[in-house]
Amino acid sequence: MLQRLKDLHYNVTRTLNNDPAAHSKLEVLLLYPHIKALIIHRISHVLYRHHLYFLARLNSNLARNWTGIEIHPGATIGRGLIIDHGVGVVIGETAQIGDDCHIYHGVTLGGTGKQHAKRHPTIGNRVMIGAGAKCLGNIVIGDDAKIGANAVVITDVPQGATYIGLAAKDKREKHR
């Protein structure tokens, strides 16, 4: 429990330090939808791990209706996640998100519909995913990578790379 409170404090402080529109920790705690969504997700995740699937999904649905952010209770999320503006974000059941990531509105971390078991992306640490981006399937987005707005990513992204476009490609490659 103490660790969860430390993680919450870390998330609130990180949001305050990274959002120039934030004026106080209290404002972030009470008014930022991603903080509410993450608090509720932590509860849903515990219920899910204890095989209380209905209660976990009910809790996550209430959070989605309240915040506009849909996080499946099975998703694993590290510390310091910022979901900027939040509306329309979808994080699937087997998604894994590392520490200190920044996700903008409209992002989907989803499956392709063709896979079973692990079917959602694994996101490394310090990853930024731009507004409207779609990361689909059992792929790995490496640490410190950046995904451009509205990119569609269906392959692994190397550490430190910047991917843009439909279907996203490494911007270091020459475009034709």
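How each quantity is defined
- Residues numbered from 1 in each chain as written.
- Predicted model: local features only at pLDDT ≥ 70, side-chain atom pairs only at ≥ 80, totals over all residues.
- Heavy atoms only, no water.
- Helix = DSSP H or I, 4+ residues; strand = E, 2+ residues; numbered from the N terminus.
- Rg over C-alpha atoms; globule rule 2.2 N^0.38 Å.
- Contact = heavy atoms within 4.5 Å.
- Areas by Shrake-Rupley, 256 points an atom, 1.4 Å probe, with all protein chains shown as cover.
- Lys, Arg positive; Asp, Glu negative; His and termini not counted.
- Charge placed at Lys NZ, Arg CZ, Asp CG, Glu CD.
- Phe/Tyr/Trp six-rings, centres within 6.5 Å; stacked < 30°, edge-to-face > 60°.
- Lys NZ or Arg CZ within 6 Å of the ring centre and 35° of its normal.
- 1 Å grid on protein atoms, 1.4 Å probe; cavity = no way out; pocket = protein on both sides within 12 Å on 5 of 7 lines; lining within 4 Å.
- Points joined across faces, edges and corners; volume = space filled by probe spheres on them.
- Nonpolar A, V, L, I, M, F, W, Y, C, P; charged D, E, K, R; others polar.
- Pairing = 2+ DSSP bridges.
- Buried < 20%, exposed > 50% of the residue type's maximum accessible area, 1.4 Å probe, protein only.
- Core = buried A, V, L, I, M, F, W, Y, C linked by side-chain atoms within 4.5 Å.

Student: Is there a simple way to think about the overall build of the chain in this case?
Tutor: The secondary structure content of the chain amounts to four helices and 15 strands. Against the globule reference of 16 Å for 176 residues, the chain gives a C-alpha radius of gyration of 16 Å, in line with a compact fold. Across its three principal axes, the chain shows a C-alpha extent of roughly 50 × 40 × 25 Å. Here the contacts in the chain between residues at least 6 apart in sequence split such that 31% fall between residues at least 24 apart. As presented, the chain carries roughly 9,400 Å² of accessible surface, and 59% of it is formed by carbon and sulfur atoms. Looking at the chain, you have 21 positive and 13 negative side-chain charges, and the mean spots of the two groups are 3 Å apart.

Student: Help me understand the packing of aromatic side chains, please; the structure alone is not making it clear to me.
Tutor: Two measures describe an aromatic ring pair: the distance that separates the ring centres and the angle between the ring planes. In total, this model carries one aromatic pair according to the counting rule given. Look at tyrosine 48 and tyrosine 53: their rings are 5.0 Å apart centre to centre, the planes differ by 70°, and that puts the pair in the edge-to-face class. Lying over the aromatic face of tyrosine 10, arginine 79 brings its terminal NZ or CZ to 3.7 Å of the ring centre.

Student: Looking at this structure, I do not really get the layout of surface pockets. What am I missing?
Tutor: Unfilled space is identified by rolling a water-sized probe across the atoms. Approximately 290 Å³ is the volume found for the largest pocket. Those elements that place two or more of their residues in the lining of the largest pocket are helix 1 (2-18) and helix 3 (33-49). If one sorts the elements of the lining of the largest pocket by residue count, helix 3 sits on top with six residues. For the lining of the largest pocket, the residue count by class is eight nonpolar, one polar and three charged.

Student: Would you mind showing me how to read the sheet that holds strand 13 (residues 152-153) here?
Tutor: Two orientations exist for strands paired in a sheet by backbone hydrogen bonds: parallel and antiparallel. The five strands lie next to each other as 1-4-7-10-13, forming an open sheet whose pairing is parallel. The sheet is open, and its two edges are formed by strand 1 (70-71) and strand 13, each paired on a single side. Sheet topology places strand 1 next to strand 4 (residues 90-91); two bridges connect them, and they run parallel. In the sheet register, isoleucine 71 faces strand 4, and the bridge partner there is isoleucine 91.

Student: Explanation requested: the environment of glutamine 115 in the structure shown.
Tutor: Note on placement: glutamine 115 falls in the loop between strand 7 (108-110) and strand 8 (122-123). Here glutamine 115 falls in the partly exposed class, since its relative accessible area comes to 29%. Expressed as a C-alpha distance, the spacing of glutamine 115 and glycine 137, which sit 22 residues apart in the sequence, is 7.5 Å.

Student: Hey, could you run me through the nonpolar core in this one?
Tutor: Across soluble globular proteins, nonpolar side chains show a tendency to be buried alongside one another. With 30 residues, the main nonpolar core has Ile71, Ile91, Ile97, Leu109, Ile129, Ile141 and Ile147 as its most contacted residues. Beyond its immediate stretch of four places on either side in the chain, isoleucine 97 contacts Thr76, Ile77, Gly78, Leu81, Ile91, Ile103, Leu109 and Ile123. Among the nonpolar cores identified, the runner-up in size contains five residues, and Val12, Ala22, Val28 and Tyr32 belong to it.

Student: Where do I start with the sheet that holds strand 8 in this structure?
Tutor: The sheet built from four strands is open, its strands ordered 2-5-8-11 with parallel pairing. The outermost strands of the open sheet, each flanked by one partner alone, are strand 2 (76-77) and strand 11 (140-141). The pairing of strand 5 (residues 96-97) with strand 8 spans two bridges and is parallel. The residue bridging isoleucine 97 from the neighbouring strand is isoleucine 123, located in strand 8.

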